[in-house]
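The residues making up each chain are set out below.
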Amino acid sequence: MAEPRMEKVKQSLKRVFINNIDSYASKYIAKFLSECVVGGPVDPDGEMESKEEERIITNHSGAAAFQVVGSVSDKSNEDRPDVLEAYLEGDRDELFPKLMKCDVVIYNISQCTDQVKEALWAVSALHNEMGHFSGPKVFILISTVMTWACSKPVDPDDLELPFTDEIFWRRKAHPSFKQHIDLEKRVVKMGKTNRTLFSTYVVASGLQYGMGEQVFHFFFKTSWLGQEHEIPVFGDGNNIVPTIHINDLASVIQNVIEHQPKPYYLLAVDSSNNTMEDIVKTVASVLGPGKIRKKPFEDAFLTQDLSIMEIDSMLVNLRMKGVYLKELFSINWLCETGLVDNIELVVEQYRQTRGLLPIRLCVLGPPAVGKSTVSKLICEHYKLHHITLKETISETITQLEDALKKADPDAENEDSAAEAQELLSRLKDSMEQIGGNLDDQLLVKVVKDKLKSNSCRNQGFVLDGLPKTCEQAKELFSAEEHESEDGTYQISSYSKKIMPEFVLCLDASDAFLKDRVMNLSERLVQEHNYEQEHFLRCLVRYRENNREDETVVNYFDELDITPLYLEITSSDEPDCLLLMQKICDTVGKPRNYSPSSQEVEEEEKRKADEKMRRETQERAQEEERETEEATHRAAHWEEWTKGLEEVRQQDEKLMENKSVPMRNYLVEHVMPTLTQGLIECCIAQPQDPVEFLAEYLFKNNPYGY
């Protein structure tokens, strides 16, 4: 009897091709289909235990319903556990035989415009080879509602009347999505040739969310990081954005494959009709500061984290309803009412998918052991929030003062304002008592509110030196009252959302602590309230509290949170590094945003540009120095030449002055006789003029010798 059943399973098994399975939507559609099994148990009451179980295709075998294959854009993504085979994008001649082996071919163009041409090639090539099919094939094009973006209202007098897939022929595409609507029409036309052999479907998907986000990721990331006090909303925010959870879209695809309905154009949208402002405000309130700020839509184009396609999608304004989904399919929705109503589920998926899980630590130890120093190092390494009692009280006081300034004195919440004013007064009075005895009830309230804040819930925290007693620990980490199944209210032993995962117990000898305090500067002594008497009193109190049976460490031990004991023996840097290494080995890797490949490339490019700019600047400075030196040398040369000329002129003047007596003597006593001798020589023209002139001068010497 087993053989016919197995033969039935083999016949029901379908080979499904999905393009670009390393992209957001295709990846989760592939994962969804690969996890669909034939044969999950059916609930006799008609209700499943969870929404995950509801998506199982059931008969009685437990085998996989689909063999998923697909193309990838990156070779590193070829090995995927949820995909039977992965093919590197490129050669169409190699890809086409693999498409021919598939019962279902899915092309997703909802995210990437560059996939439009390949989808057109694939459907055209399959349509041309219908005569060689070994069996019926289905082609599903996952498009986008942006092909409806410029459609005219169904009824100009009733703008709230939604667009439906029954009137898909009236759709008009956004200018940037002309190729998409042209492809939709081609796909529909090719499916009309022979629907029994080759049927085609177009599924127009709303903006997809869930499982880490894609279109809305900018708002999730901005809220989670908390770097902006107000999350931006581009435009007026009143535009209605059609959406669908990525798993619900996958469920629609699964139903199209299984039922192959008569309508060939389907709208895949949930029933939410949320505005963009509603979505951003909800995300900001759960993940971030809860405040939004409207910006001109042009500012969206200045945001590096948003592509042009994503910006166009978020600015769409469409009220839509998928009629065929409700009429033809029995879809087990995960988020039928949309993102806003299911924000807790979506945020949890976002955290789990991206690994953005908070790290919560508690650092305990005696005074002056170095709790704050270690806490700051941990916060810097893991990007956590440093929680100290003094700063928490100061922050709470500021918040209360701001709230009371903005409060309306004529409003009905006078009691709340009075309570806030009373709390503010108590906190201000307690600021001077932080080093001493502080009301436990007040301490627990302030610190607990801080631990419940979105920032601490998102990234995590390091609780510095708190709690000090077991009673404080029980009150601080106790869970809120919740209603049980029998209608009574119960209090859980502790709250998992704020309970530390790791507890670090620093310790040192009393002699070491006293010596450290004595060597502190006066400023640090005043800042930490380490005056001798007060420090010794706190140290004695800490030792007494940790000798009792009920200690803070015992409290954590009972909850299976094993503390990490660290002995402090030195304040030297190597010892601090060794201490941090032990902590990192215990806590593990950071659970924060790691730089993406694009961000790494941008950082490398920035460093290269900075290096080039620095080298250019250095070259310019070198050239400037050389120019200055050349100018300096030229100035020195000119000055030296000028000085040399002056010396030469002075020497010439001196020589001239010295030669005056000799010239006078020659003019007066020599030149007349010499001149006459030359004249006589010219007249006589002797054979030897020199001898003649010498004889003449000798005879006519005026002095007679």
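Residues numbered from 1 in each chain as written. Predicted model: local features only at pLDDT ≥ 70, side-chain atom pairs only at ≥ 80, totals over all residues. Heavy atoms only, no water.

Undergrad: A description of the packing of aromatic side chains should follow, citing residues and the corresponding values.
TA: What the rule picks out here adds up to 19 aromatic pairs. Relative to Tyr28, the ring of Tyr24 lies with its centre 5.7 Å away and its plane at 70°, an arrangement referred to as edge-to-face. Note that Tyr24 and Tyr28 are positioned in helix H2 (residues 24-35) at a spacing of four residues, about one turn of the helix. Residue class for Tyr24 comes out buried when judged on its relative accessible area of 10%. The class of Tyr28 is buried, set by a relative accessible area of 9%. Ring plane angle 70° and centroid distance 5.8 Å describe the contact between Phe133 and Phe198, whose orientation is recorded as edge-to-face. In this pair, Phe133 sits in the loop between helix H5 (116-128) and strand E7 (137-144) while Phe198 sits in strand E9 (residues 198-205), placing the two residues 65 residues apart along the sequence. Summarising the burial analysis for this pair, Phe133 and Phe198 share the class buried. Through successive ring pairs, a cluster of aromatic residues spans Trp148, Phe163, Phe168, Tyr264 and Tyr265. (Phe/Tyr/Trp six-rings, centres within 6.5 Å; stacked < 30°, edge-to-face > 60°. Helix = DSSP H or I, 4+ residues; strand = E, 2+ residues; numbered from the N terminus. Buried < 20%, exposed > 50% of the residue type's maximum accessible area, 1.4 Å probe, protein only.)

Undergrad: Tell me about the side chain of Thr200, and name the residues and values.
TA: Among the structural elements, Thr200 can be located in strand E9. Within polar-contact distance, the side chain of Thr200 engages the backbone nitrogen of Gly191 at 3.3 Å. Once residues lying within four places of it in the same chain are set aside, the contact partners of Thr200 are Val123, Phe139, Val187, Val188, Met190, Gly191, Arg195 and Tyr264. (Polar contact = N/O pair within 3.5 Å; in protein donor to acceptor, adjacent residues only side chain to side chain. Contact = heavy atoms within 4.5 Å.)

Undergrad: Could you give an account of the nonpolar core, naming the residues involved and the relevant values?
TA: Counting residues in each nonpolar core, the largest one holds 76 residues, and the members touching the most others are Tyr107, Phe139 and Phe216. Apart from residues lying up to four places away in sequence, Phe216 is in contact with Leu207, Gln208, Tyr209, Val241, Thr243, Met276, Ile279 and Leu339. Within the second largest apolar cluster, 40 residues are counted, among which are Ile18, Leu33, Val138 and Ile246. (Core = buried A, V, L, I, M, F, W, Y, C linked by side-chain atoms within 4.5 Å.)

Undergrad: Break down unusual backbone geometry for me, with residues and values.
TA: Peptide bonds are, in most cases, trans, and in most cases residues other than glycine have a negative phi. In this structure, the amide linkage connecting Leu466 to the following residue, Pro467, adopts the cis form with an omega of -5°. Considering the arrangement of structural elements, one finds Pro467 in the loop between strand E18 (460-464) and helix H18 (470-477). One non-glycine residue, Asn20, lies in the positive phi region at around 50°. Judged by relative accessible area, Asn20 falls into the buried class, the value being 7%. Despite not being glycine, Asp560 shows a phi value in the positive range, around 65°. Within the secondary structure, Asp560 sits in the loop between helix H22 (552-558) and strand E22 (564-567). When its relative accessible area of 71% is taken as the criterion, Asp560 is described as exposed.

Undergrad: Could you give an account of a nonpolar patch on the surface, naming the residues involved and the relevant values?
TA: On the surface, Met662, Tyr665, Leu666, Val667 and Met671 cluster together into a nonpolar patch covering about 470 Å² of accessible area. The class of Leu666 is partly exposed, set by a relative accessible area of 33%. (Patch = residues over 30% accessible without salt bridge, like charges linked within 9 Å, V, L, I, M, F, W, Y side chains within 5 Å. Areas by Shrake-Rupley, 256 points an atom, 1.4 Å probe, with all protein chains shown as cover. Salt bridge = Lys/Arg side-chain N within 4 Å of Asp/Glu carboxyl O.)

Undergrad: Run through the confidence of the model for the protein chain, naming residues and quoting values.
TA: Within the protein chain, residue pLDDT values average 83, and 86% of them lie at 70 or more. The model gives residues 39-61 a pLDDT under 50, and that stretch makes 39 contacts with residues more than four places away or in other chains. Here residues 487-491 is modelled with pLDDT under 50, and outside its nearest four sequence neighbours on either side it reaches eleven contacts, counting other chains as well. (pLDDT = per-residue confidence, 0-100.)

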